[in-house]
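Descriptive analysis of the structure
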Amino acid sequence: MAARPAVSVVVITYNDAARLPRAVRSLYAQTLRDLEIIVVDDASTDDTADVAGRFPGVRYLRLDRNSGGCGAPRNAGLDAARAPYVMFLDSDDELPRHACKALLTEIERTGADFVAGQIMRHYEASGTGAPYYPELFRRRRVVEGIRAEPELFLDGFSTNKIYDVEFLREHDLRFREDLHYEDHVFTARLYARARRFAVVPWPVYLWHRAAGESTSISLSLRDVANARSRVAAAEAADQALRDAGMGDLVAHRQSRFVRQDLRVYLNVLPRFDAVWAKETAAVLRPYLERLEQGVLERADPMTRVCGELLLRDRVEDLCVAARSLTGPKAPPRHAVRADGLTYWGTEPDPAFEITTMRLAELPYSQARLRHEVTEIAAAGSVLTMSITTYDPFGVVGLDDVADLIARKHRTRLIPRRQPDGTIQTEVTLDLATIPPGRSGAYEPRLGFTRPLDGHTTSDPLLVGANLEPLTLKIKGYEITARPLGDTATLRLHWRRTGLLRAVARRPSIRPHALRAAGLPARLRRRLAARDVKLAVYKVLIRVVPRKKDLVLFESDCGRGYTGHPRYIHEELLRRGSKLRAVWSRSSGVFPAHVTTVRRMSWRHVWTMARAGWWVDSHGMPLGFPKPRGTRYLQTWHGQGIKSIGLDAPDLRGDFPGPREEWRANVARWDALVSPGAEFERTFIPSNEYAGPVLRHGSPRCDVLFHGDPEAAARVRRELEIPAAKKIVVYAPTYRDLTRGASVRADLHELAAELGDEWVLVLRTHPIEKHVIPQDLRWFARQAGGYPEVNDLLLAADVLVTDYSSLMCDFAVTGKPMVFLVDDWETYRRTERGSQYDLPEIAPGPCVTTTRDLAAAIRDPWSPERYAAFRRTWCAEERGHAAARVVDAFFEGVTPEMPVAVIPQPTEAAL
């Protein structure tokens with residue numbers, strides 16, 4: 001007799017022969033090998049039986065007749081399961097490689113009735129993914145029954161879980177076979193019966209979302225019967241809780257319906273016609289009328305507004321409001337402010353209050369306008385439109401300038417104000433005047449610019465969801481205008497035609513000069529390859545002489561005009577030096593007076609070979625030897641507590657290739673700028689550097705020492721920060737293992753605690769992207785791409801960071817700091833690591849919760865620790881580092897020690 005498997009995985013399928021192999025292969029790839037794979041065919045009429053038969057070791061069950069849903073095949077698989085634990089998989093989805101093993105380990109460790117993990121949505125059209133309700137799965141934990149965490153009703157799925165089979169059979173937990181959305185009823189009964197269950201933060205289910213999919217029950221929204229099925233499942237789930245003596249939890253489960261199920265139909269309202277909207281509203285209304293008290297009132301503002309409009313049978317207004325739910329989340333057409341509150345519509349109706357969206361408090365550049373295209377036509381290459389703009393909060397001034405923005409192209413418009421307060425604009429856009437660019441599609445925007453400060457606010461154009469695609473033609477291209485997404489914004493799709501179309505199938509490459517020369521694409525790609533450039537470079541440095549008056553500068557791998565190199569360059573300019581500067585550029589903002597060369601272009605390779613001086617803050621391209629006679633000044637980009645160089649995670653392993661490459665990089669340095677002795681104690685041995693050290697302080701900190709009132713003014717002007725608000729700069733560092741997880745603070749909670757007095761400026765690391773939610777942009781400003789971090793530090797009243805080297809720079813100002821270090825143990829043990837005990841040496845409070853962070857921002861002072869920190873890290877900062885470095889490196893003279901008084905931190909700095 002065969003040994004009993006550890007886990008049975010039930011794969012249900014119906015007419016899905018094309019995708020079933022992908023699902024089964026994901027089970028073959030599991031790190032848990034002791035699996036029983038059961039494929040249950042719901043009476044398919046395609047080749048499913050033949051496909052399933054090709055997989056060895058798979059048990060194949062076929063139902064006699066199609067059940068029309070998922071309940072019957074899941075029950076059949078559950079009945080057939082021989083393992084003590086069972087999981088479910090739909091044939092159009094996959095399980096991540098470690099899903100079965102991770103869930104089995106957890107259910108055996110905890111003795112839970114079931115274990116739930118994170119679902120990851122995978123959008124096949126774009127190749128992107130996103131976690132489903134990630135807030136539910138942030139912590140690994142055991143939950144002592146659903147009463148302990150009723151918000152977990154949001155997880156109403158059966159496929160992201162492993163179940164104790166004996167528990168399911170003991171409580172007769174099976175799937176309804178007479179309705180769709182049987183998961184909702186099953187999980188309601190599951191939660192009601194489970195004495196304890198576990199939650200893990202790992203992805204355990206990959207939910208594929210295919211473009212244009214119509215066979216999926218959950219996506220067959222055009223049929224109004226779909227809404228009837230979902231409501232029937234919701235009513236059955238509510239009744240299941242009541243039958244289990246948990247009637248008091250029905251409101252929590254209904255909150256799931258409002259937040260998730262209702263939103264499914266509200267989101268797509270702009271897609272369909274008024275008849276569909278009215279019929280669907282008629283199906284949903286009776287259930288909404290029976291909701292427990294307070295359920296709808298606790299929903300987010302716009303869901304609540306839509307729910308109220310649905311209850312009042314105001315379907316036309318409902319269709320208008322629904323466009324505020326998804327995509328760009330269009331603002332309302334009209335809003336009313338009364339007694340400090342904001343209301344959707346034209347009357348201050350308490351049911352339509354939307355104050356917490358803070359739309360009326362946004363800075364001009366973030367202000368929201370609603371642009372509705374009322375007429376649109378295409379002729380040749382010209383697109384004509386009539387646009388009605390709604391300005392619900394009176395943002396647009398009489399002198400503001402209007403433009404239609406299409407990529408970087410602007411078409412000046414003449415808007416006309418109407419007696420009803422709207423703005424009418426006629427647009428004639430000749431697409432032949434707009435370069436197609438690299439992207440095949442973009443959304444034009446209508447923007448208004450305020451002459452006073454040059455700030456622009458822009459929003460996309462809303463079109464009718466039933467707009468038939470319009471085709472325009474220009475030489476070499478066909479352009480289609482059509483609605484995009486649930487909100488139905490106007491999108492222009494570019495498609496090459498004729499000979500250009502054939503050429504476009506080959507990847508376009510740089511440099512442009514090679515294309516202009518008419519070289520074949522294959523040869524262009526070869527010439528642009530890095531190894532070819534390196535080979536040519538090695539020849540050049542042997543045959544071309546150095547330009548002793550040419551300095552190649554680079555900061556942050558070409559991302560901007562900033563850091564130590566900037567201030568060394570400016571010191572040379574101040575002296576009237578005859579040295580010529582060229583900056584390496586990969587992105588970012590550079591002043592007009594600065595000569596730049598695109599990093600790793602042929603011109604950059606030529607400049608590296610010819611320059612008599614290199615100055616950078618990270619490292620010139622690895623593998624490119626320094627030319628003989630060129631002098632290389634390494635300024636490095638910071639000091640602090642993090643592990644660095646050969647001790648960093650990507651180099652600390654015993655892999656000779658990367659380590660030797662880094663050693664070769666360090667060997668190119670002719671001199672190293674040192675902020676002080678503490679920096680040298682860690683940085684030099686970590687990089688095995690043995691060359692000259694210029695311990696003259698940090699050139700980029702000179703301005704922080706002396707101060708610059710204009711910098712603070714620039715920040716307030718550029719980021720639109722009122723003079724009355726204090727500024728907290730939040731600058732977390734990146735995480736090597738969990739990219740995108742650096743923002744640890746709950747920004748909503750911070751806004752609630754500090755929003756009346758403070759503005760938060762978010763400065764994430766350049767390699768991280770964090771989008772500030774729309775409802776927080778009144779309080780938080782995105783400054784990840786702000787060109788000069790020193791301006792932010794000079795404007796800040798308090799700095800919040802974690803492990804960033806900015807703490808050492810900011811200490812020069814004498815202003816207070818707070819450290820959010822909720823993941824300190826993880827960071828020092830498994831992330832980047834540290835050579836210091838930050839909680840022991842930090843010059844300010846170290847906190848682990850957002851609540852404590854808010855309190856510390858209000859009262860951050862630790863004067864004794866601050867003074868000790870400055871003695872360790874800022875002893876050489878006297879405000880003349882750039883001059884001393886230029887003296888030592890470029891002029892070969894020993895700089896005199898300037899006499900200066902280091903400003904001491906005081907509580908008055910607050």
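Residues numbered from 1 in each chain as written. Predicted model: local features only at pLDDT ≥ 70, side-chain atom pairs only at ≥ 80, totals over all residues. Heavy atoms only, no water.

1. Digging into the pattern of salt bridges
It is possible for side chains bearing opposite charge to pair when their charged atoms get close. Scanning the model with the defined rule gives 67 salt bridges in all. The salt bridge involving Arg140 is made with Glu106; its shortest N-O contact spans 2.7 Å. With a gap of 34 residues between them, Arg140 in the loop between strand E6 (128-131) and strand E7 (141-143) and Glu106 in helix H4 (residues 99-110) connect regions that are remote in the sequence. The partner of Asp549 in a salt bridge is Arg580, with the nearest N and O atoms 3.4 Å apart. Placement of the pair is Asp549 in strand E24 (residues 547-554) and Arg580 in strand E25 (residues 580-585), with a sequence separation of 31 residues. Residue Asp549 is classed as partly exposed on the basis of its relative accessible area, which comes to 30%. Through salt bridges with shared partners, a single ionic network connects Glu571, Arg574, Arg575, Asp887 and Glu891. (Salt bridge = Lys/Arg side-chain N within 4 Å of Asp/Glu carboxyl O. Helix = DSSP H or I, 4+ residues; strand = E, 2+ residues; numbered from the N terminus. Buried < 20%, exposed > 50% of the residue type's maximum accessible area, 1.4 Å probe, protein only.)

2. Some words on the pairing of strand E28 (residues 631-634)
Across four bridges, the pairing between strand E27 (residues 611-616) and E28 is parallel. Bridging from a neighbouring strand, Asp616 pairs with Gln634 of E28. As judged from the two bridges shared by E28 and strand E29 (residues 671-674), these two strands associate in the parallel manner. Each bridged residue has a counterpart across the sheet, and for Leu633 the counterpart in E29 is Ala671. (Pairing = 2+ DSSP bridges.)

3. A short note on the nonpolar core
Counting residues in each nonpolar core, the largest one holds 78 residues, and the members touching the most others are Val7, Val9, Val86, Leu95, Ile162, Leu168 and Phe197. Counting residues per element, this core draws most heavily on strand E9 (residues 197-209), at seven residues. Sequence-distant contacts of Val86, defined by excluding residues within four places in its chain, comprise Ser8, Val10, Leu78, Ala81, Lys161, Ile162, Tyr163, Val165 and Leu168. If you look at the next biggest cluster of nonpolar residues, it comprises 75 residues, including Tyr287, Ala299, Trp758 and Leu853. (Core = buried A, V, L, I, M, F, W, Y, C linked by side-chain atoms within 4.5 Å. Contact = heavy atoms within 4.5 Å.)

4. Side note on the confidence of the model for the chain
Interpretation of this model should avoid reading the predicted coordinates in detail wherever pLDDT is low. Averaged over all residues, the pLDDT of the chain is 91; the fraction at 70 or higher stands at 93%. Note on residues 897-904: pLDDT is under 50 here. Beyond four places in sequence and across chains, it has 17 contacts. (pLDDT = per-residue confidence, 0-100.)

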